[in-house]
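Residue-level structure breakdown
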Amino acid sequence: MKTTSEKDTIKKIAILGSTGSIGTQALQVIKNNPDKYEAYVLTANNRVEELIEQARKFQPEVVVIANEDKYARLRDALADLPIKVYAGPRALCDVVAETPIDIVLTAMVGYAGLQPTMSAIRAGKTIALANKETLVVAGEIINDLAEHYHVPIIPVDSEHSAIFQCLTGEIGNDIEKLILTASGGPFRNYSPEQLATATKSQALKHPNWQMGAKITIDSASMMNKGFEVIEAKWLFGVRPEQIEVVVHPQSIIHSMVQFEDGAIKAQLGMPDMRLPIQYAFSYPDRIKTDFPRIDWAKCSQLTFEQPDTKRFRNLQLAYEALHQAGNMPCIVNAANEVVVAAFLKDTISFTGMSEVIEKVMNKMPYIHKPSYEDYVLTDQETRIVTQELISPYKF
Ligand code: NAD
Ligand code: MG
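Summary of the structure given here. Keep in mind that this is a model prediction, so the values were computed, not measured.

**Thoughts on the overall build of the protein chain**
- Looking only at helices and strands, one finds 17 helices and 11 strands in the protein chain.
- For a compact globule of 395 residues, the expected C-alpha radius of gyration is about 21 Å, and the protein chain comes in at 21 Å, within 12% of that figure.
- In terms of principal-axis extent, the alpha carbons of the protein chain reach across some 60 × 50 × 40 Å.
- Across the 395 residues of the protein chain, 56% fall into the buried class.
- Taking the contacts inside the protein chain whose residues are at least 6 apart along the sequence as the reference set, 68% of them involve residues at least 24 apart.
- Split by element, the accessible area of the protein chain, about 17600 Å² in all, is 51% carbon and sulfur.

**Details of the layout of surface pockets**
- In this structure, the second largest pocket occupies an estimated 410 Å³ of space.
- For the lining of the second largest pocket, the secondary structure elements donating two or more residues are α7 (132–148), β7 (153–155), α8 (158–167) and α12 (223–236).
- In terms of residue class, the lining of the second largest pocket is built from 13 nonpolar, 4 polar and 1 charged.

**Some remarks on unusual backbone geometry**
- Tyr283 connects to Pro284 through a cis peptide bond whose omega is 5°.
- Considering the arrangement of structural elements, one finds Pro284 in the loop between α13 (274–282) and α14 (313–324).
- Even without being glycine, Gln59 reaches a positive phi, approximately 50°.
- Within the secondary structure, Gln59 sits in the loop between α3 (48–58) and β3 (62–65).
- With a phi close to 55°, His150 is a non-glycine residue in the positive phi region.

**Digging into the packing of aromatic side chains**
- Summed over the entire model, instances satisfying the criterion amount to 7 aromatic pairs.
- Ring plane angle 35° and centroid distance 4.5 Å describe the contact between Phe187 and Tyr190, whose orientation is recorded as tilted.
- Taken together, Phe187, Tyr190, Phe343 and Phe350 form an aromatic cluster joined through their ring pairs.
- In this structure, Lys233 packs its charged tip against the face of Trp234, placed 4.6 Å from the ring centre.

**Here's the deal with the site of ligand 1**
- Residues in close proximity to ligand 1 total 23 residues, the closest being Thr19, Ser21, Asn45, Glu133 and Gly212.
- Between ligand 1 and the protein, one listed contact pairs an oxygen atom with a side-chain N or O atom of Thr19 at 2.7 Å.
- Separating an oxygen atom of ligand 1 from a backbone N or O atom of Ala130 is a distance of 3.4 Å.
- When residues of the shell around ligand 1 are traced back to their parent elements, those giving at least two are α2 (21–32) and α7.
- Here the shell around ligand 1 is composed, by residue class, of 12 nonpolar, 8 polar and 3 charged.

**Let's talk about the sheet that holds strand β5 (residues 103–106)**
- The parallel open sheet is built from 7 strands, whose spatial order is β4-β3-β2-β1-β5-β6-β7. This sheet does not close on itself; its edge strands, each paired only once, are β4 (84–87) and β7. Ignoring strand direction, the axes of neighbouring strands in this sheet form an average angle of 20°.
- Pairing analysis gives 4 bridges linking β3 to β4, with the strands arranged parallel. Note that in β4 the partner of Val63 across the bridge is Val85.

Conventions and cut-offs
Residues numbered from 1 in each chain as written. Chains lettered and ligands numbered in written order. Predicted model: local features only at pLDDT ≥ 70, side-chain atom pairs only at ≥ 80, totals over all residues. Heavy atoms only, no water. Helix = DSSP H or I, 4+ residues; strand = E, 2+ residues; numbered from the N terminus. Rg over C-alpha atoms; globule rule 2.2 N^0.38 Å. Buried < 20%, exposed > 50% of the residue type's maximum accessible area, 1.4 Å probe, protein only. Contact = heavy atoms within 4.5 Å. Areas by Shrake-Rupley, 256 points an atom, 1.4 Å probe, with all protein chains shown as cover. 1 Å grid on protein atoms, 1.4 Å probe; cavity = no way out; pocket = protein on both sides within 12 Å on 5 of 7 lines; lining within 4 Å. Points joined across faces, edges and corners; volume = space filled by probe spheres on them. Nonpolar A, V, L, I, M, F, W, Y, C, P; charged D, E, K, R; others polar. Phe/Tyr/Trp six-rings, centres within 6.5 Å; stacked < 30°, edge-to-face > 60°. Lys NZ or Arg CZ within 6 Å of the ring centre and 35° of its normal. Near = heavy atom within 4 Å. Polar contact = N/O pair within 3.5 Å; in protein donor to acceptor, adjacent residues only side chain to side chain. Pairing = 2+ DSSP bridges. Axes fitted to C-alpha atoms, helices over the stretch in contact; angles between N-to-C directions.

Here you go:
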């Protein structure tokens, strides 16, 4: 039994997207540290059976299933336990505001993360941010809200966690440049012809990371790196030209910071998302783990290349969206979500994805200073426009 004072020091964590790749790894971190963390809220979109299993194991206070059709199954399966059960997107926004929660881990995928993240910030919760799409879509709004409510946003994305770790202890020292590393994905050495016919199963085989399907496709197309450039701008307050991408196929250096004296700090480690997840929970402390360590006898080469934005057009498109700002990153995000879903259903080719995104960027009305409502409308309209443009790009 835990004593009352022990219980008070246990951080209560809400995991949005607990059945996903980040969500399940976060639960491993919680399981490894029962004296420090407790799963207070667990949520999923569709995978109700996995959510039931997690709820029985971790006994959270609340569970939410976003898909309302699965509510009855969830409620009935947990009827013997004192767990509150809710359903629907609105419930996601409500539960993150519950008083005892200390940290909200945004581990859901896509634009759907925006509203609950805003709701959690308004409730004053520390955000452990995995859902990069939220910052891509509405970074300015999120930053303004976080400043207003004095809420820390701690990055979980491995590159941004690396930068965050490099910046610890550097208050007052200006950043000259951020260097984001990229594995290059499974198609790093593919010719343009090979890329044009690349299949879903090839794209889903990432060389270094096990991740959800959407981010794995984004990694193969390098849209993920483009989004990470935008994410870095909002997290670290740098100008676009201060963010450089370097391809580093071994994924050992997770990213670097170059300071004004020319010194560069890097964070290294095995590719394992549990470390950045745990650091976001424990910051500024570090907690002992038994995660695999680098074996320097096996790690004989760290190599670096320039990204090829001609073959990987998405990286260039993301930089363009970042420079144009306004609602353009929101347009790129929505178009990308639609084309990735289509690619996963084999209804668009790999290179067709970039071609459609570029067309959508030229077609959608540009808004220089969007409000939240503008982002909502931009997202909705972009999805319709993208869907209409997809059909000619079938295999
Ligand atoms: P995933 O597909 O494995 O899991 C997504 C989770 O979100 C699932 O629990 C799912 O039920 C939930 N979800 C999906 N759509 C939802 C919706 N509309 N409403 C509510 N819940 C929804 O994805 P993942 O790989 O864990 O990635 C999650 C987020 O973290 C993404 O934004 C991704 O870019 C980011 N991220 C992931 C990794 C990684 O290693 N997996 C690394 C860095 C950043
Ligand atoms: Mg990353």
